[in-house]
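A structural walkthrough
Chain by chain, the residues:
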Amino acid sequence: MSNDALKPDIHAIQQAVVDVLSQVRDLMNYASKKLESSDGKERRYAEHAKSIENEITKVKNLELRMAIAAPMKAGKSTIINAIVGQDILPSRNAAMTTLPTEIVFSKDVTEPKLKLRYQLDPESDDFVDIYSVLRKSWRKLQEQINTIGITQASEDIAEYPHLQDLLVDVSESPEIPFLSEVSGTEAIQKSLTDLNDLVRLCGVLVPSDNPLMSLVSVPRIEVPFLDESSGLKLDSVGKLVIVDTPGPNEAGDLNLGNVVKLQLEASSIILLVLDYTQLNAEAAENVRSDVDKVSEIKGKDSIYILVNKIDLRKGKKDMTKEQVLEFVQNKFDIQGSSDRVFEISASRAAYASNFRSEYRMNPDIDEPQSMETAEMLARQAFGDMWEDEFPEASMGRMLKAADRIWSKSGFADFLERAIAVLIAQAAPRTLSSALNDASGRLTDLQNNTNIQKGSFGQDVAKLKAAIDALENDLRKLNDCRDNLKVEVVDLRRSLERKLSSNLVDMQAQSREQLKRIFGRKEYKEAGLVKKAGLGLTKLVGLLVGQDYQGTGEIKFKSANEANRFVETATASVKMIVNDLMSIARENAWREVKGLRNRIEKLLRTKTKPIIEQAQRRLSKQFNVTLELPDMFDELYLEDVNLDIQAKSRSREYTEYKTVKERRWYTLWLYEHKKQVPVSRTERFFVVSVDEVNQNVDESIEAAVTKVKQQVFEYLEEDFQAVLDKSFSELDQFLKGYEESLQESISINKQDAEKQAERKAALDKISNDSAKLKESVEKQKKHVGEILKSKQ
């Protein structure tokens, strides 16, 4: 899709959106001036105005922000460096990232620049000044070290030995040695290392003055865009900003939640990095937690998954691409398969990207052997033969090698299909986000303004009575929520017991079926004499009341024959198990559905009357209409299948071969026979009922576990989350009106002149907000049409 097709639409609507947002901002400032005290703790409309101002800046810049989060050592820094084409981000075995950093791609720079002071908007005089915040933290840190002594300070940071040198520097230097702006990769790496170490040192020694608590914006690195062969193209329609955020195991004891949340909220898409070699390990569980947290902030549609270190995939036992996609979808519920899940090798991409970047900055170089980045590329491109191939390699051959390695890294596909497409959509996405934000804040302004308008002329005692009634409603809601939580917990425990019982029953029935199948096969394959013996043994077993067990092993000449038998046997087991699994699922679903019915009934009999009563009360007194939130989503369980594989075996044995030889004592005239041992390998295939049973047991257990996980996740994450969210919304809903009633009491105690002034302001705000809401919705419709036409 060409970005040129967007320009006429976007540039035409951009100014219109800026105009309507500016009007919304001005209205919020007016509301703050007229309705809020300057020294008040809650200055809602002033915050609304500030947020709208930030949205205006984004719309003017048409900025697409992409945050990257990853567990330590998953390759996050390497990924960013590969996109940039230079090693601008430092990395080490110890936790590195504590201070989120944004990387801004610009066509106006020729070398990377790290800035701790910069303008957010070229047309504005407002500056981001991170440098002053860090200087203040440096001084506070030095005061703390002088107070407790450097020995005690060293003991306090014993967990972070790499901070010892910085500790000494802070104790000895009254001024921060960092510069507010540096250029070049080495200088940037050193500065970022020092900055992140300073933040971590403050977090340990002076947590109350941690700069993370004061910063709104973050350090910025401006970098040139890659060449067009990278798949990442700069366009006047939008610009790309990558935000490097701390991973879950980089934070340590630092309180990074708010800082990271701010960056995620400001980003259009979130890249979560998985280490291919750790997909089934604890690291994946950490990313699952990150996915859930990001979903709460941005929704799952904004999440992309990068599976890094795919170059370490070695053999058939490793997960295939299809299995990786299935794993990600099942583990993280990220739909869209290959459109949002990408396999990459960041190290390969970095080798190619760094080489091409160095060549682009030094186009006159003829001999690749003189380039700093060439040897690493040669090692990757030529493998074990690199020492022989590299000395003779021409520049043309090395450039082709860089293109080949870049293509194999998966970055070309990733950038072209994900980032480049999003850059083309950056403008409408930014516009849509800004308009949605403005619409929500206008709605909040309208609701509270209408409540205050309706309060004029009301008796104070009557208003207080309404507040008391609302507080009583809140208590009832809280009791109702607690009762529902108990119901959910009780059902989970009941289902846990029943599904565990189902598991035992399935495994027992599968073992009985396999025993019968193996017994029949063993009898069929036996000779006449052995059949007679087996028959007699079975008959005796029946007479004494002991079931016949058999040998439990069957020997086959070929793998195909063994696998056919296993396939037939397990097919019979699957029929039994799938029937039982279906029954177990239906029973689980029936109980969940029963819980839903009970909860819905409880909501109808307990919760809904509370809300409707408040609705009638407020509507009658203040002419306000309330909306009840939706409560539930549907539960869906996937089918479960078993996958059983046969086992093969072999054995070593010795046989004797007759050879002839001539011996010295017969003067080598006669040949003598001799038995010579020869080692042989007999390849055969034995199917053991115990091995198949174990495989079947594990498959059944995995299937039941999957059902448990689906049901329990639904109950604990979806079902309970919806309930919690709904009750939270209702709680905030009633509390919001309670606050408005409290404000109304204060207003009604004022003199007539101030009340008249207040009422005039409320009338103006109510009328203006209604008109602006229409304008915002009109612009939202236009932007929606652009988004739809460009998808």
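Residues numbered from 1 in each chain as written. Predicted model: local features only at pLDDT ≥ 70, side-chain atom pairs only at ≥ 80, totals over all residues. Heavy atoms only, no water.

**Here we look at the overall build of the protein**
Which entries qualify depends on this criterion: Helix and strand assignments follow DSSP, with helices taken as H or I runs no shorter than four residues and strands as E runs no shorter than two, numbered in order from the N terminus. The cut-offs for exposure are 20% and 50% of the maximum accessible area for each residue type, with area from a 1.4 Å probe on protein chains only; residues under the lower value are buried, those over the upper are exposed, and the others partly exposed. Should any heavy atoms of two residues lie within 4.5 Å, those residues are counted as being in contact.
What the protein contains, in helices and strands, is 21 helices and 14 strands. Taken across its 791 residues, the protein has 47% of its residues classed as buried. Taking the contacts inside the protein whose residues are at least 6 apart along the sequence as the reference set, 82% of them involve residues at least 24 apart.

**Comments concerning the sheet that holds strand 7 (residues 220-224)**
Applied cut-off: At least two DSSP bridges between two strands are required for those strands to pair. A fitted line through C-alpha atoms represents every axis, and for helices the fit uses only the stretch in contact; the resulting angles, taken between N-to-C directions, go from 0 to 180 degrees.
The 9 strands lie next to each other as 6-3-7-2-8-1-9-10-11, forming an open sheet whose pairing is mixed. Every interior strand has two partners, whereas the edge strands, strand 6 (181-183) and strand 11 (341-343), have only one. Mean inter-strand twist for the sheet, computed between neighbouring axes without regard to direction, equals 20°. As paired strands, strand 2 (residues 101-106) and strand 7 are joined by 5 bridges and run parallel to one another. Bridge pairing links Phe-105 to Val-223 in strand 7.

**Some words on unusual backbone geometry**
Unusually for a residue other than glycine, Lys-309 sits at a positive phi of about 65°. As for its position among the elements, Lys-309 is in the loop between strand 10 (303-308) and helix 10 (321-332).

**Looking at the pattern of salt bridges**
Here is the rule: Whenever a carboxyl oxygen of Asp or Glu lies within 4 Å of a side-chain nitrogen of Lys or Arg, that contact is scored as a salt bridge.
Here the structure, examined in full by the defined rule, presents 20 salt bridges. Between Arg-511 and Asp-697 there is a salt bridge, and its shortest N-O distance comes to 2.6 Å. A residue pair is termed long-range when its members are at least 10 positions apart, and Arg-511 in helix 17 (residues 460-525) and Asp-697 in helix 20 (residues 689-748) qualify at 186 residues.

**What to know about the packing of aromatic side chains**
Selection criterion: Two aromatic rings, drawn from Phe, Tyr or Trp (for Trp, its six-membered ring), form a pair once their centres lie within 6.5 Å of each other, and the interplanar angle then sorts them: stacked below 30 degrees, edge-to-face above 60, tilted otherwise. In our convention, an over-ring charge means Lys NZ or Arg CZ found within 6 Å of a ring centre and within 35 degrees of that ring's normal.
Scanning all chains against the criterion turns up 5 aromatic pairs. Ring plane angle 90° and centroid distance 5.9 Å describe the contact between Phe-411 and Phe-414, whose orientation is recorded as edge-to-face. Remark: Phe-414 and Phe-411 occur in helix 15 (residues 411-424); sequence separation between them is 3 residues, near one turn of the helix. As far as burial versus exposure is concerned, Phe-411 and Phe-414 are alike and both buried. Site record: aromatic cluster; members linked through ring pairs are Phe-342, Trp-406, Phe-411 and Phe-414. Between Arg-356 and the ring centre of Trp-406, over which it is positioned, the NZ or CZ distance is 4.7 Å. Over the aromatic face of Tyr-30 sits the side chain of Lys-764, whose NZ or CZ is 5.5 Å from the ring centroid.

**Observations concerning the packing of helix 11 (residues 346-361) against helix 12 (residues 374-382)**
Put simply, the rule reads: Relative orientations are named as follows: roughly parallel for angles under 35 degrees, roughly antiparallel for angles over 145 degrees, roughly perpendicular for angles from 65 to 115 degrees, and oblique for any other angle. Each crossing is labelled by how the near helix is turned from the far one, with a counterclockwise turn of less than a right angle marking it left-handed and a clockwise turn marking it right-handed. Basically, the charged four are Asp, Glu, Lys and Arg, the nonpolar ten are Ala, Val, Leu, Ile, Met, Phe, Trp, Tyr, Cys and Pro, and anything else, Gly included, counts as polar.
One way to put it is that helix 11 packs onto helix 12 with a least axis distance of 9 Å and a crossing angle of 135°. As judged from the angle between their axes, helix 11 and helix 12 are oblique. Crossing of helix 11 over helix 12 shows left-handed handedness. Contact residues: helix 11 offers Arg-348, Tyr-351, Ala-352 and Phe-355, while helix 12 offers Ala-374, Met-376, Leu-377 and Gln-380. Classifying every residue of the contact of helix 11 with helix 12 by side-chain character gives 6 nonpolar, 1 polar and 1 charged.

**Things to note about the pairing of strand 1 (residues 63-69)**
The side chains of a regular strand alternate, first on one face of the sheet and then on the other. Counted residue by residue, strand 1 has 7 buried out of 7 residues, so it is predominantly covered. Side chains of strand 1 alternate between two faces, with Glu-63, Arg-65, Ala-67 and Ala-69 and Leu-64, Met-66 and Ile-68 buried alike. Strand direction decides the pairing type here: strand 1 and strand 9 (residues 269-275), joined by 4 bridges, are parallel. Across the sheet, Met-66 pairs through a bridge with Ile-269, a residue of strand 9.

**Some words on helix 10**
Keep this limit in mind: Helix span, as expected, comes to 1.5 Å for every residue beyond the first. It is the directions from the helix axis to the C-beta atoms whose arc is reported.
Compared with the 16 Å implied by 1.5 Å per residue over 12 residues, the 16 Å span of helix 10 between its first and last C-alpha is a close match. Looking at helix 10, one finds that the buried residues are Val-324, Leu-325, Phe-327, Val-328, Lys-331 and Phe-332. In an axial view of helix 10, the angular spread of the buried residues amounts to 160°, which keeps them on one side of the axis. Phi turns positive, to about 55°, at Asp-333, one or two residues after helix 10.

**Looking at the confidence of the model for the protein**
In low-pLDDT segments, the atomic positions of the prediction should not be examined closely. Short version of the rule: Per residue, pLDDT measures the predictor's confidence, with a range of 0 to 100.
In this model, the protein carries a mean pLDDT of 75, and residues with pLDDT of at least 70 account for 72%. Confidence drops under a pLDDT of 50 for residues 539-548, and excluding neighbours within four residues, the segment shows 7 contacts in the predicted structure. Low pLDDT, under 50, characterises residues 620-642; the stretch is placed with 66 contacts to residues that sit more than four places away or in other chains.

**Description of helix 4 (residues 130-148)**
Inclusion rule: Think of a polar contact as two N or O atoms within 3.5 Å of one another; within protein, one of them needs to be a possible hydrogen donor and the other a possible acceptor, and neighboring residues in sequence only count if both atoms come from side chains.
Taking 1.5 Å of rise per residue, the 19 residues of helix 4 would be expected to cover 27 Å, and the 27 Å separating its terminal C-alpha atoms lies within 8% of that figure. Buried within helix 4 are the following residues: Ile-130, Tyr-131, Leu-134, Ser-137, Trp-138, Leu-141, Gln-142 and Ile-145. All buried residues of helix 4 fall inside an arc of 140° around its axis, so they share one side. Away from its buried face by more than 90 degrees, helix 4 exposes Asn-146 and Thr-147. Check the buried side of helix 4 and you find it contacts strand 4 (117-119), strand 5 (127-129), helix 5 (150-156), helix 6 (164-172) and helix 7 (185-205). Between a side-chain oxygen at the N-terminus of helix 4 and the backbone nitrogen of Tyr-131 the separation is 3.4 Å; the capping residue is Asp-129. Immediately beyond the C-terminal end of helix 4, within one or two residues, lies Gly-149, with a positive phi of roughly 90°.

**A closer look at the environment of Gln-694**
With respect to the element layout, Gln-694 can be found in helix 20. Taking the relative accessible area as the measure of exposure, Gln-694 reaches 47% and is therefore partly exposed. Remark: the alpha-carbon pair of Gln-694 and Arg-511, spanning 183 residues in sequence, is separated by 9.5 Å.

**Here's the deal with the pairing of strand 10**
With 6 of its 6 residues buried, strand 10 lies for the most part within the structure. Judged by which residues are buried, strand 10 turns out to be covered on both faces: Ile-303, Ile-305 and Val-307 on one side and Tyr-304, Leu-306 and Asn-308 on the other are all buried. The pairing of strand 9 with strand 10 spans 6 bridges and is classified as parallel. From the neighbouring strand, Ile-270 faces strand 10, where its bridge partner is Ile-303.

**Let's talk about a nonpolar patch on the surface**
Rule in force here: Patch construction takes residues with relative accessible area above 30% that form no salt bridge. Like charges are linked within 9 Å, and nonpolar side chains (Val, Leu, Ile, Met, Phe, Trp, Tyr) are linked within 5 Å. Only the protein chains shown count as cover for residues, and all accessible areas are computed by the Shrake-Rupley method using a 1.4 Å probe.
On the surface, Trp-664, Tyr-665, Leu-667, Trp-668, Leu-669 and Tyr-670 cluster together into a nonpolar patch covering about 830 Å² of accessible area. Within the fold, Trp-668 resides in the loop between strand 13 (649-662) and strand 14 (671-688).

**Regarding the environment of Asp-209**
Note that Asp-209 resides in the loop between helix 7 and strand 7. Between the C-alpha atom of Asp-209 and that of Val-199, which follows or precedes it by 10 residues, the distance is 9.9 Å.

**Structural notes on the packing of helix 12 against helix 14 (residues 395-409)**
The N-to-C vectors of helix 12 and helix 14 enclose an angle of 65°; their axes lie 10 Å apart at closest approach. Here helix 14 runs roughly perpendicular to helix 12, going by the angle between their axes. The crossing of helix 12 and helix 14 is left-handed. Contacts from Ala-374, Leu-377, Ala-378, Gln-380, Ala-381 and Phe-382 of helix 12 reach helix 14 at Arg-397, Met-398, Ala-401, Ala-402, Arg-404 and Ile-405. Residue composition of the contact of helix 12 with helix 14, grouped by class: 9 nonpolar, 1 polar and 2 charged.

**A short note on the side chain of Asn-354**
Considering the arrangement of structural elements, one finds Asn-354 in helix 11. If we ignore the near neighbours within four places in the chain, the residues touching Asn-354 are Asn-81, Gly-85, Gln-86, Asp-87 and Thr-373.

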